[in-house]
Structure formats: structure tokens, C-alpha cells
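# Residue-level structural notes
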Amino acid sequence: MSAKILSGTETAKTIREELTVEVAELKDKHNVVPGLVTILVGEDPASQSYVTAKNKTAKALGINSEQVTLPVDTNEEDLLALVEKYNNDAAVNGILVQLPLPKHVNEAKVLDSIDPNKDVDGFHPVNVGNMVLGEKCFLPCTPHGILELLQRSGTETSGAEVVIVGRSNIVGKPIANLMLQKREGGNATVTLCHTRTKDLAFHTKRADILIAAVGVPKVITGDMVKEGVVVIDVGVNRIGKAESGKAILAGDVDFDAIKEKAAAITPVPGGVGPMTITMLMKNTVQAAKMANGLL
Ligand SMILES: NC(=O)c1ccc[n+]([C@@H]2O[C@H](COP(=O)([O-])OP(=O)(O)OC[C@H]3O[C@@H](n4cnc5c(N)ncnc54)[C@H](OP(=O)(O)O)[C@@H]3O)[C@@H](O)[C@H]2O)c1
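First, a word on what this report is: a plain description of the structure on this page.

What counts, and at which threshold
Residues numbered from 1 in each chain as written. Predicted model: local features only at pLDDT ≥ 70, side-chain atom pairs only at ≥ 80, totals over all residues. Heavy atoms only, no water. 1 Å grid on protein atoms, 1.4 Å probe; cavity = no way out; pocket = protein on both sides within 12 Å on 5 of 7 lines; lining within 4 Å. Points joined across faces, edges and corners; volume = space filled by probe spheres on them. Helix = DSSP H or I, 4+ residues; strand = E, 2+ residues; numbered from the N terminus. Nonpolar A, V, L, I, M, F, W, Y, C, P; charged D, E, K, R; others polar. Domains from an automatic or database assignment. Near = heavy atom within 4 Å. Polar contact = N/O pair within 3.5 Å; in protein donor to acceptor, adjacent residues only side chain to side chain. Areas by Shrake-Rupley, 256 points an atom, 1.4 Å probe, with all protein chains shown as cover. Pairing = 2+ DSSP bridges. Buried < 20%, exposed > 50% of the residue type's maximum accessible area, 1.4 Å probe, protein only. Contact = heavy atoms within 4.5 Å. Axes fitted to C-alpha atoms, helices over the stretch in contact; angles between N-to-C directions.

It is worth spelling out the layout of surface pockets at this point. The gaps of empty space that remain are located by a probe, the size of a water molecule, rolled over the atoms. The volume enclosed by the largest pocket comes to roughly 1500 Å³. Surrounding the largest pocket, 49 residues form its lining, Tyr50, Val236, Arg238, Gly273 and Thr276 being those nearest its centre. At the level of secondary structure, the elements contributing two or more residues to the lining of the largest pocket comprise α2 (45-61), β4 (94-97), α6 (141-152), β10 (247-250) and α10 (272-291). Counting residues per element, the lining of the largest pocket draws most heavily on α2, at 10 residues. Residues belonging to the lining of the largest pocket are distributed by class as follows: 27 nonpolar, 12 polar and 10 charged. Mapped onto the domain boundaries, the lining of the largest pocket takes at least three residues apiece from domain 1 (30-115) and domain 2 (141-273). Class assignment for the residues of the lining of the second largest pocket results in six nonpolar, five polar and five charged.

Quick look at the site of the ligand now. In the vicinity of the ligand there are 22 residues, among which Arg167, Ser168, Thr195, Val236 and Thr276 approach most closely. Side-chain polar atom of Ser168 to an oxygen atom of the ligand: 2.6 Å apart, as the coordinates give it. A distance of 3.0 Å separates an oxygen atom of the ligand from a polar backbone atom of Val236. With the chains in place, 69% of the 930 Å² that the ligand exposes on its own is no longer accessible. A total of three residues in the shell around the ligand trace back to one element, the largest contributor, which is α10. Here the residues of the shell around the ligand sort into 11 nonpolar, 10 polar and one charged.

The next subject is the sheet that holds strand β8 (residues 230-233). With parallel pairing, the six strands of this open sheet are ordered in space as β1-β11-β8-β7-β5-β6. Across the chains shown, the open sheet's two edge strands, defined by having one partner strand only, are β1 (4-5) and β6 (189-193). Here β8 pairs with strand β11 (residues 264-265) via two bridges, running parallel. From the neighbouring strand, Val231 faces β11, where its bridge partner is Ile265.

Tracing the chain through its elements places Asn93 in the loop between α3 (76-87) and β4. The exposure class of Asn93 is buried, given its relative accessible area of 4%. Beyond its immediate stretch of four places on either side in the chain, Asn93 contacts Val33, Pro34, Gly35, Asn117, Lys118, Val120, Thr284, Ala287, Ala288 and Ala291.

So, on to the sheet that holds β4. Neighbouring strands of a sheet are bound in pairs by backbone hydrogen bonds; such pairs are parallel or else antiparallel. The strand order β3-β2-β4 describes an open sheet built from three strands, whose pairing is parallel. The open sheet has two edge strands, β3 (64-70) and β4, and neither has a second partner. Each strand of the sheet is rotated relative to its neighbour by a mean of 15°, with strand direction disregarded. Direction of pairing for strand β2 (residues 35-41) relative to β4: parallel, over a ladder of four bridges. Along β4, the bridge assignment pairs Leu36 with Gly94. Taken strand by strand, α2 contacts β2, β3 and β4, and its axis lies near 160° from that of β3.

What follows is about unusual backbone geometry. Here the residue pair Leu99 and Pro100 is connected by a cis peptide bond, since its omega of 0° sits within 30 degrees of zero. Relative to the assigned elements, Pro100 resides in the loop between β4 and α4 (107-113). Backbone geometry places Asn31, a non-glycine residue, at a positive phi of 55°. Its relative accessible area of 66% is what places Asn31 among the exposed residues. Positive phi is not limited to glycine here, since Lys218 has a value of about 55°. In this structure, Lys218 sits in the loop between β7 (209-212) and β8.

Structure follows, in C-alpha cells:
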């Protein structure tokens, strides 16, 4: 069997087309233009490329997007003051502080300072709490993108054995939570694995849906999955440089081996990555609607 490729690029394109229509309607009918601000501290090349991609996508959809880049030695007080300024700016619906922040800045304190109604990354404790309770909130972008990919590809989650490898706050923990919610796209039986898991392969082999968010290239090998599994590979690992200077990327799963056994699999690149950015746009449009009493 050769797996169906779950293309995040294609699914993201469809969602972006839907959002473009939604943004145009907001402007035509309500004179509302969603506004997004991204704040980058320092010059980390990966963070720079993520922020640039987010702004480019926002602009392409008709969202007002502002990119603020601060020097790496920016102090916490100044960063908090900037967030506060945007918290009070009615034209700004979404505030995104690109992580990681430099070590001298308390990341949690900065994330907590963002108005939960503008927290389009879905990292504020209020949004995390509401997510766990199954209440209305901004869902974190990568897990949200995974849900959309699964739903739009017609993957049945109800009653499925979902095994997640990785327990980070931005991917593993929230996707585990969302998959077990009592609602469409959830209702799964969830196992969450990490470095202390005894016999990782025992768990991964049971998976109907396997989600890898590990950060170790090809750590999930062909012999660790069963026939017919649906694999979502969140990993983005830079494993070298092409002659062009472009980074060569690999996922957390051994794509070539697993695609022969899986029913469906996301590629890296072109899988979860484009979905993450698109969900940020979806959250920004949602924030603009909420701020204008339209949701
Ligand atoms: N495509 C996207 O949009 C997107 C978004 C976010 C992240 N990513 C990528 O996804 C990957 C994971 O990122 P993250 O931020 O979630 O990761 P993270 O914070 O680095 O956490 C990695 C998790 O994997 C676990 N782990 C590491 N090695 C393991 C092993 N050999 N066996 C079992 N578990 C292991 C760790 O366990 P412990 O907790 O025990 O240490 C930890 O829970 C990275 O490659 C990142 O670049 C992609």
C-alpha cells in the first residue's frame, strides 16, 4: 500500500480562499478590516522566516498586518509596554509574540500580558483553560491545523486510538486534549508519549492515528507503526543545507518507510506547517468578528 498524501499546502489553500471571501465580506458589509501585529525580538533566522511568512499570508488575505522587529537586548518592561499599547489599540485584533524569546525575558509573563481576546496564538492561560473545558476560545494554531487536516480528509476520530509523541505546551498537550473532547473531530482514545515512556513502539504500533511532535528527525521508523495508520508529522528538523543554501528539512517520522504501510501521511515540508499559519489567520478573523460583535 502507498499512503494517500495529506497535503497541508492544498488544504491550507482551500481554507485561505474561504478566509479571503470572509475578509472581503467583513469589509463590504461591516467596514471591518482584521488587524494583526507580530512582534519579533532578535534575529533568529527560523523565527524571522516564520514571522515573514505570517505577515505575507495575512496581507494576501486582506488582513492589515504589521511586523515589529525589536533588538535582541530589548528588556522585558519595554516588551510588556508594547503589548499593552496593542492591547489598547482597537485596530489591532490579534497580537502574536514570536517564540522563543531571548532568555532574559520571562516568556510566560509576556504571553500572560496579551489580552485573551487578542491572543490569536491561543497560548494565554485563559484560552488554554477554555480549550480544556471545551468552551469557546482561540485554539492554538498547530493543533487547530491538525484537527482541520484530519476533518477535511475525512479521517474518523471517534473511537480511534490516537497516539501522540511529544508533550509540549504548543503541540502535544493541546492536541491530546482536543482529540479527547466530546465533539465532532474528537471522541478519540488518547495516549500521550514522551521521553519517559517505556517501550514507545508498543504504543505507536497500536495507533490508528499517530501524531509525532518530537523534534528528532525520523525517530518514528517503519517498524513502529501498523498497516493503515494515519500519520500526522509535526516535526520540522533542519538536517542539512542544499547547494542553494536552503535548509533541507525532515520530519519526525521516516516518511519513505512509513508511506508504504500508512493509509495517509503528511509530508514535511507541505504538511502541518502551512496549516499552522492558516489557522493563525482564521483566529485573527475570528478575533475581528468578536471585537465587532459579529460572533
Ligand atoms: N509545523 C509546525 O507548524 C510546527 C509547530 C510547532 C512545532 N513544530 C515542530 O514540531 C517538533 C516538536 O516541537 P515542540 O515544540 O512540540 O517540541 P518540544 O517542546 O521540543 O518537545 C518535544 C517533545 O518530544 C518528546 N521527545 C523528545 N525525544 C523523544 C523520544 N526519543 N521519544 C519520545 N518522546 C520524545 C519530549 O519529551 P519530554 O517532555 O519528556 O522531554 C517532548 O515532550 C519540532 O520539530 C518543531 O520544530 C512544527
